[in-house]
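Residue strings, one per chain:
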Amino acid sequence: MNFINKLNRKYGRYAISNLMFYIILLYAAGFLINMINPAFYQTYLMLDINKVLHGQIWRIVTFIIQPTSNTNILFLAIELYLYYMIGNALENAWGAFRFNLYYISGILFNILAVIIVYIFTGHSIFLGLTYINRSMFFAFAALYPNVQFLLFFVIPVKVKYLGYIYGVYVLYEVFTAVMVKQYYVGVAILVALGNFLIYFLSTRNYKKISPNEYKRKANYKRQVKSARGSNIVEFNGKKTITRHKCAVCGRTELDDENLEFRFCSKCDGNYEYCTDHLFTHEHVRKTPNDQS
């Protein structure tokens with residue numbers, strides 16, 4: 001992340017603000033092209049590595065003008081609005097430069113995925129914007145897990161649950177590719193989502209799963225259990241954990257609701273006393289052997 005911060009300071013002024021607006025315009029252009037000539041995209045614009053190697057270099061860029069699968073104007077508008085909202089939210093959270101970097105790296109990873117499949121099969125697969133949009137959605141779900149979408153325009157669902165479902169589906173795609181021994185396809189899918197995987201892995205707090213952290217939590221639980229155990233008393237025939245207990249007489253708040261308790265600042269340790277013994281008890285001092 002420090003490396004990205006350095007890039008931001010050096011090249012941030014070149015970032016395209018409101019990038020998603022221009023991407024939406026490309027989506028709309030793809031829709032119009034498909035309406036006029038459905039074969040035009042596949043013939044001249046789609047990412048085909050074989051044709052790129054034969055001089056049609058523009059395909060490395062023009063493949064992002066992918067015709068949307070929606071032919072209904074209403075659903076197209078909803079789809080484009082959803083993409084714009086997600087992209088705009090990511091740009092607001094990260095800043096223009098980081099969002100530019102995320103989206104452009106997604107394009108590069110998708111190109112790499114197509115190249116991987118081409119190396120093994122000699123044919124280009126059609127990825128289009130599928131995994132670029134998925135990586136944006138995953139990033140949005142990771143940043144705003146509690147935002148609610150209306151599923152089927154009726155059922156409110158938090159985006160994190162949609163992200164889990166989407167993630168399971170991607171893993172199923174990878175698993176299916178491995179089962180039919182098309183390992184390169186599984187690798188290509190993961191590579192196509194490389195920008196999200198890098199973002200996700202680089203922003204996790206691994207301290208929470210470190211051995212030292214597990215040891216600290218275990219020690220804390222033992223201390224809490226030990227402290228609670230010392231305050232277990234019999235009350236009305238049942239064992240009850242009390243909040244206060246006098247270290248001299250053993251009385252608790254269950255014995256008298258008007259009884260008050262205080263900790264002694266002169267005792268070595270957390271010793272609590274009722275008001276009757278707060279000033280009359282013998283102070284507890286740790287010996288050198290106890291401290292060792």
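Model, not experiment: these values are computed from the prediction.

What counts, and at which threshold
- The residue numbering used here restarts from 1 in each chain and proceeds along that chain's sequence as written.
- Since the coordinates come from a predicted model, pLDDT governs what is reported: local features require at least 70, and pairs of side-chain atoms require 80 or more to be given and counted, while whole-chain, interface and lining totals use all residues.
- To get the side-chain values, take all heavy atoms of the structure and skip hydrogens and water.
- Helical segments are the DSSP runs of H or I of at least four residues, strand segments are the runs of E of at least two, and each set is numbered from the N terminus.
- Any two residues having at least one pair of non-hydrogen atoms within 4.5 Å are treated as being in contact.
- Methods summary: accessible areas were calculated by the Shrake-Rupley approach with a probe of 1.4 Å, and residue burial reflects only the protein chains presented.
- In this text, buried Ala, Val, Leu, Ile, Met, Phe, Trp, Tyr and Cys residues form a nonpolar core when linked through side-chain atoms within 4.5 Å.
- Remark: exposure states derive from per-residue accessible area (1.4 Å probe, protein chains only) relative to the maximum for the residue type, with buried under 20%, exposed over 50%, and partly exposed in between.
- Axis definition: a line fitted to C-alpha atoms, over the contacting stretch in the case of helices. Angles run 0 to 180 degrees between N-to-C directions.
- Comment on the angle field: the value is read as roughly parallel under 35 degrees, roughly antiparallel over 145, roughly perpendicular from 65 to 115, and oblique elsewhere.
- In this scheme the handedness of a crossing depends on how the near helix is turned from the far one: anticlockwise by less than a right angle means left-handed, clockwise means right-handed.
- Residues are grouped as follows: nonpolar covers Ala, Val, Leu, Ile, Met, Phe, Trp, Tyr, Cys and Pro; charged covers Asp, Glu, Lys and Arg; every other residue, Gly included, is treated as polar.
- Pairs were defined over the aromatic rings of Phe, Tyr and Trp, the Trp ring being its six-membered one, requiring ring centres within 6.5 Å. Orientation was assigned from the angle between planes: stacked under 30 degrees, edge-to-face over 60, tilted for the rest.
- Only Lys NZ and Arg CZ are tested; either one counts as a charge over a ring when it is within 6 Å of the ring centre and within 35 degrees of the ring normal.
- One less than the residue count of a helix, multiplied by 1.5 Å, gives the span that helix is expected to have.
- Throughout, the arc means the angular range of directions from the helix axis out to the C-beta atoms.
- Salt bridge, as used here, is a side-chain nitrogen of Lys or Arg placed within 4 Å of a carboxyl oxygen of Asp or Glu.

Chemist: What am I meant to see in the overall build of the protein here?
Modeler: Each helix and strand in the protein was counted, giving 13 helices and six strands. Of the contacts formed within the protein by residues at least 6 apart in sequence, a portion of 54% connects residues at least 24 apart. Taken as a whole, the protein presents about 19,300 Å² of accessible surface, with 61% of it coming from carbon and sulfur.

Chemist: Looking at this model, I keep getting lost on the nonpolar core. Mind explaining?
Modeler: Across soluble globular proteins, nonpolar side chains have a tendency to be buried as a group. Ranked by size, the top nonpolar core spans 56 residues in total, and within it M20, Y27, F63, L90, F99, Y103 and M136 carry the most contacts. Looking at which element gives the most residues to this core, the answer is helix α7 (residues 96–121), with ten residues. Not counting residues up to four positions away in its chain, the partners in contact with M136 are M20, Y83, I86, G87, L90, F99, Y102 and Y103. Grouped together as the second largest cluster of nonpolar side chains are eight residues, F261, C267, Y273 and C274 included.

Chemist: Honestly, the side chain of E173 in this entry has me stumped. Any pointers?
Modeler: Residue position: E173 is located in helix α9 (residues 159–179). Judged by relative accessible area, which is 17%, E173 ranks as buried. Ignoring any residue separated from it by four or fewer positions in sequence, one finds E173 in contact with Y131, R134 and I189.

Chemist: Please clarify how the packing of helix α6 (residues 73–94) against helix α8 (residues 130–143) should be interpreted in this entry.
Modeler: Two numbers describe a pair of packed helices, the interaxial angle and the distance between the axes. Where α6 contacts α8, the axes come no closer than 10 Å and their chain directions differ by 55°. Here α6 lies oblique to α8, going by the angle between them. By crossing handedness, the relation of α6 to α8 is classed as left-handed. Where α6 approaches α8, its residues Y83, M85, I86, G87, A89, L90, A93 and W94 are matched on the opposing element by N133, M136, F137, A139, F140 and L143. Grouping the amino acids of the contact of α6 with α8 by side-chain chemistry returns twelve nonpolar, two polar and no charged.

Chemist: What exactly am I supposed to notice about the packing of aromatic side chains here?
Modeler: The description of two aromatic rings rests on the distance between their centres and on the angle between their planes. The full count for this structure, using the stated rule, is twelve aromatic pairs. Relative to Y103, the ring of F99 has its centre 6.3 Å away and its plane inclined at 50°; by these criteria the two rings are tilted. Of this pair, F99 and Y103 both sit in helix α7, four residues apart, roughly one helical turn. Accessibility expressed as a relative area gives 2% for Y103, which makes it buried. Their ring planes at 35° and their centres at 5.3 Å tell us that F138 and F196 sit as a pair that is tilted. One end of the pair, F138, is in helix α8; the other, F196, is in helix α11 (residues 194–202), and 58 residues separate them in sequence. Exposure class is identical for F138 and F196. Each is buried. By the ring-pair criterion, three or more aromatic residues cluster together here, those being F137, F138, Y166 and F196. Positioned above the aromatic ring of Y131, the side-chain terminus of R134 is 4.7 Å from the ring centre.

Chemist: Got a minute to help me understand α9 in this structure?
Modeler: Helical periodicity: at 3.6 residues per turn, an α-helix aligns residues three or four positions apart in one direction. Taking 1.5 Å of rise per residue, 21 residues should cover 30 Å, and α9 covers 30 Å from first to last C-alpha, within 8% of that figure. Those residues of α9 not exposed but buried are V159, L162, G163, G167, V170, E173, V174 and A177. Projected onto a plane normal to the axis of α9, the buried residues spread over an arc of 140° and lie on a single side. Of the exposed residues in α9, those oriented more than 90 degrees away from the buried face are Y164, I165, V168, L171, Y172 and M179. Taken together, the buried residues of α9 touch α8, β1 (148–151), β2 (155–158) and α10 (183–192).

Chemist: Help me understand the pattern of salt bridges, please; the structure alone is not making it clear to me.
Modeler: Between side chains of opposite charge, a pair can form when the charged atoms approach closely. In the structure shown here, the tally under the stated rule is three salt bridges. In this structure, D276 and R251 form a salt bridge, with 2.6 Å as the shortest nitrogen-oxygen distance. Of this pair, D276 sits in the loop between β6 (272–274) and α13 (288–291) while R251 sits in the loop between β4 (238–241) and β5 (261–263), and the two are 25 residues apart along the sequence. Given a relative accessible area of 45%, D276 falls into the partly exposed group. Look at R251 and you get partly exposed, because its relative accessible area is 28%.

Chemist: Which parts of the structure should I look at to understand unusual backbone geometry?
Modeler: Negative phi characterises most residues that are not glycine, and trans characterises most peptide bonds. Phi is positive for N18, close to 55°, though the residue is something other than glycine. Relative to the helices and strands, N18 is located in the loop between α1 (2–11) and α2 (19–36). Judged by relative accessible area, which is 26%, N18 ranks as partly exposed.

Chemist: Is there a simple way to think about the environment of L162 in this case?
Modeler: Inspection of the secondary structure puts L162 in helix α9. Between the alpha carbons of L162 and A141 there is a distance of 8.1 Å; along the sequence they are 21 residues apart. Among all residues touching L162, those that are not within four sequence positions of it are F137, F149 and V157.

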